[in-house]
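# Understanding the architecture of this molecule
Okay, here's what each chain looks like letter by letter:
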Amino acid sequence: MLSGIRILVVEDEPAVAATLVDVVEDAGGEVIGIARSVSEARQMIRMQAFDAAVLDLHLSDGEVTPVLEALQARKAPTVVYSGGELPAQVRQRHPELVALRKPVLPGRLLAEILRARKQRT
């Protein structure tokens, strides 16, 4: 399903990050890295090549808006995978953003990654 697609995971909870890695790899994708903080995510966005990102909205070191903005500036297909609702101001600024509320079935997450990629092409 994700054959050859490189994914950046932005998630600070180790168990959730490990599950995301398993889902992506089981579908034939490649996780190019796991960013556990805003600063790590911003650095990876600048330095790594990837095809899509899965982003948690709540990281331990702060607001992820700069991460989301960097992903959007790069035109990186992004799926928000978070425990809470997408804030209204984020939804207003990025109406095309795919947002899933944890937990979801792996097939749904994979389908939304593919859909986000299709929207960007």
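Below is a summary of the structure that appears in this document.

Analysis parameters
Residues numbered from 1 in each chain as written. Predicted model: local features only at pLDDT ≥ 70, side-chain atom pairs only at ≥ 80, totals over all residues. Heavy atoms only, no water. Helix = DSSP H or I, 4+ residues; strand = E, 2+ residues; numbered from the N terminus. Buried < 20%, exposed > 50% of the residue type's maximum accessible area, 1.4 Å probe, protein only. Lys, Arg positive; Asp, Glu negative; His and termini not counted. Salt bridge = Lys/Arg side-chain N within 4 Å of Asp/Glu carboxyl O. Polar contact = N/O pair within 3.5 Å; in protein donor to acceptor, adjacent residues only side chain to side chain. Contact = heavy atoms within 4.5 Å. Pairing = 2+ DSSP bridges. Right-handed = clockwise from strand over helix to strand, strands pointing away. Core = buried A, V, L, I, M, F, W, Y, C linked by side-chain atoms within 4.5 Å.

The next subject is the side chain of Asp12. Relative to the assigned elements, Asp12 resides in the loop between strand S1 (6-10) and helix H1 (14-26). Buried charge without a partner: Asp12 forms no salt bridge, and the closest opposite charge is Lys102, 6.0 Å away. Polar side-chain contacts of Asp12 include one of 2.7 Å to the backbone nitrogen of Ser60. Residue contacts for Asp12: discarding those within four places in its chain leaves Arg36, Asp56, His58, Leu59 and Ser60.

The next point concerns the side chain of Glu112. For Glu112, the position within the fold is in helix H5 (residues 106-119). On the basis of relative accessible area, Glu112 is assigned to the buried category, the value being 9%. Discounting chain neighbours no more than four positions away, the residues touching Glu112 are Val79, Val98 and Leu100.

Among the five residues in strand S6 (residues 78-82), five count as buried, and that is most of the element. Residues of S6 alternate between two faces, with Thr78, Val80 and Ser82 on one and Val79 and Tyr81 on the opposite face, all of them buried. Here S6 runs beside strand S7 (residues 98-101); their pairing, made up of four bridges, is parallel. By the bridge assignment, Tyr81 is partnered in S7 with Leu100. In terms of handedness, the path from S6 via helix H4 (residues 88-93) over to S7 forms a crossover that is right-handed.

With that settled, the discussion passes to the nonpolar core. Formed by 23 residues in total, the largest nonpolar core has its most connected members in Leu2, Ile7, Leu20, Val79, Tyr81, Leu109 and Ile113. Those elements that provide at least two residues to this core are S1, H1, strand S2 (30-35), strand S3 (52-55), S6, S7 and H5. Sorting elements by how many residues they give to this core places H1 first, with six residues. When sequence neighbours within four positions are dropped, the list of residues in contact with Leu109 reads Leu20, Val23, Val79, Tyr81, Leu100 and Val104. Listed in part, the 22 residues of the second largest apolar core include Leu8, Ala35, Ile45 and Leu71.

Under the criterion given, the structure shown has seven salt bridges. Put simply, Arg93 and Glu69 hold a salt bridge, and the shortest N to O gap is 2.8 Å. One end of the pair, Arg93, is in helix H4; the other, Glu69, is in helix H3 (residues 65-73), with 24 residues separating them in the sequence. Classification of Arg93 by relative accessible area gives exposed; the value is 56%.

Right, let's get into unusual backbone geometry. In this model, Lys102 is joined to Pro103 through a cis peptide bond whose omega is -10°. Among the structural elements, Pro103 can be located in the loop between S7 and H5. In this structure, Lys75 takes a positive phi of about 60° despite not being glycine. Tracing the chain through its elements places Lys75 in the loop between H3 and S6. Look at Lys75 and you get exposed, because its relative accessible area is 58%.

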